[in-house]
Amino acid sequence: QVQLVESGGGLVQAGGSLRLSCAASGSVFSISDMGWFRQAPGKKRELVASIANIGRPNYADSVNGRFTISRGIAQNTVYLQMNNLKPEDTAVYYCAAKRVLMSQFDYWGQGTQVTVSS
């Protein structure tokens, strides 16, 4: 089992920045990819960014160039630096982890609210 705990959400004005953090505990050795998803009211959950143990990060087109995903040295933490935030970035952001050989993310955090005011 893997537990994920997010922190760092909040309220920010458009053009501002926030940094989300996610710490994994438990069977962290089984994790290959970590990522951030978001879900706005009335919309489907969508992938924001993901990063594997080895390889280049992957970003949604809507955040590419504004958001940066990174993993800690111990590989059991993941961060999302969000710059130039826009009102349309308002959503609940979820940290996720995918175990080795799994095709989809199968562990989720509880979510953290990000609200961007215009």
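Up top is the structure these notes are about.
Cut-offs and rules
Residues numbered from 1 in each chain as written. Predicted model: local features only at pLDDT ≥ 70, side-chain atom pairs only at ≥ 80, totals over all residues. Heavy atoms only, no water. Pairing = 2+ DSSP bridges. Helix = DSSP H or I, 4+ residues; strand = E, 2+ residues; numbered from the N terminus. Axes fitted to C-alpha atoms, helices over the stretch in contact; angles between N-to-C directions. Core = buried A, V, L, I, M, F, W, Y, C linked by side-chain atoms within 4.5 Å. Buried < 20%, exposed > 50% of the residue type's maximum accessible area, 1.4 Å probe, protein only. Contact = heavy atoms within 4.5 Å. Disulfide = S-S within 2.5 Å. Salt bridge = Lys/Arg side-chain N within 4 Å of Asp/Glu carboxyl O.

Student: Break down the sheet that holds strand β8 (residues 77–82) for me, with residues and values.
Tutor: Within the open sheet, the four strands sit side by side as β1-β3-β8-β7. Their pairing is antiparallel. With partners counted over all chains shown, the strands left at the sheet margins are β1 (2–7) and β7 (67–71), one partner each. Taking the axes of each pair of neighbouring strands and ignoring which way they run, one obtains an average angle of 15° across the sheet. Bridging between β7 and β8 involves five bridges; their strand directions are antiparallel. Its bridge partner lying in β8, Ile69 is registered against Leu80.

Student: Please provide a residue-by-residue account of the nonpolar core, values included.
Tutor: Core analysis: the largest hydrophobic core is formed by 29 residues, its most contacted members being Leu4, Met34, Trp36, Leu80, Met82 and Tyr93. If you list the elements that add at least two residues to this core, you get β1, β3 (18–26), β4 (31–39), β5 (46–52), β7, β8, β9 (91–99) and β11 (112–117). Excluding residues within four positions of it along the chain, Tyr93 makes contact with Glu6, Leu20, Trp36, Phe37, Arg38, Val48, Phe67, Leu80, Met82, Gly111, Thr112 and Val114.

Student: Report on the state of the cysteines, specifying residues and quantitative values.
Tutor: Under the criterion given, the structure shown has one disulfide. Covalently, Cys22 is tied to Cys95 through a disulfide, its sulfur atoms 2.0 Å apart. The sign of the -80° torsion about the S-S bond sets the Cys22-Cys95 disulfide as left-handed. Here Cys95 lies in strand β9 and Cys22 lies in strand β3, a separation of 73 residues in the sequence. The pair Cys22 / Cys95 is uniform in exposure class, with both members buried.

Student: For the pairing of β5, give the residues involved together with the corresponding values.
Tutor: Both β4 and β5 contribute to a ladder of six bridges, which runs antiparallel. Across the sheet, Arg38 pairs through a bridge with Glu46, a residue of β5. Hairpin connection of β4 to β5: six residues between the antiparallel strands, including Gly42 at a positive phi of 80°. Turn length for the β5-strand β6 (residues 58–59) hairpin, with the two strands adjacent in sequence and antiparallel, is five residues, and the turn residue Gly55 shows positive phi of about 125°.

Student: Summarise the pattern of salt bridges; cite the residues concerned and give the values.
Tutor: Counting across every chain of the model gives five salt bridges. A salt bridge links Asp89 to Arg66, with the shortest nitrogen-to-oxygen separation between them at 2.8 Å. Taken together, the residues Asp89 in the loop between β8 and β9 and Arg66 in the loop between β6 and β7 connect sequence positions 23 residues apart. Pair check on accessibility: Asp89 and Arg66 agree, each one buried. The network of salt bridges with common partners includes Arg38, Glu46, Arg66 and Asp89.

Nothing here speaks to function; it is geometry throughout.
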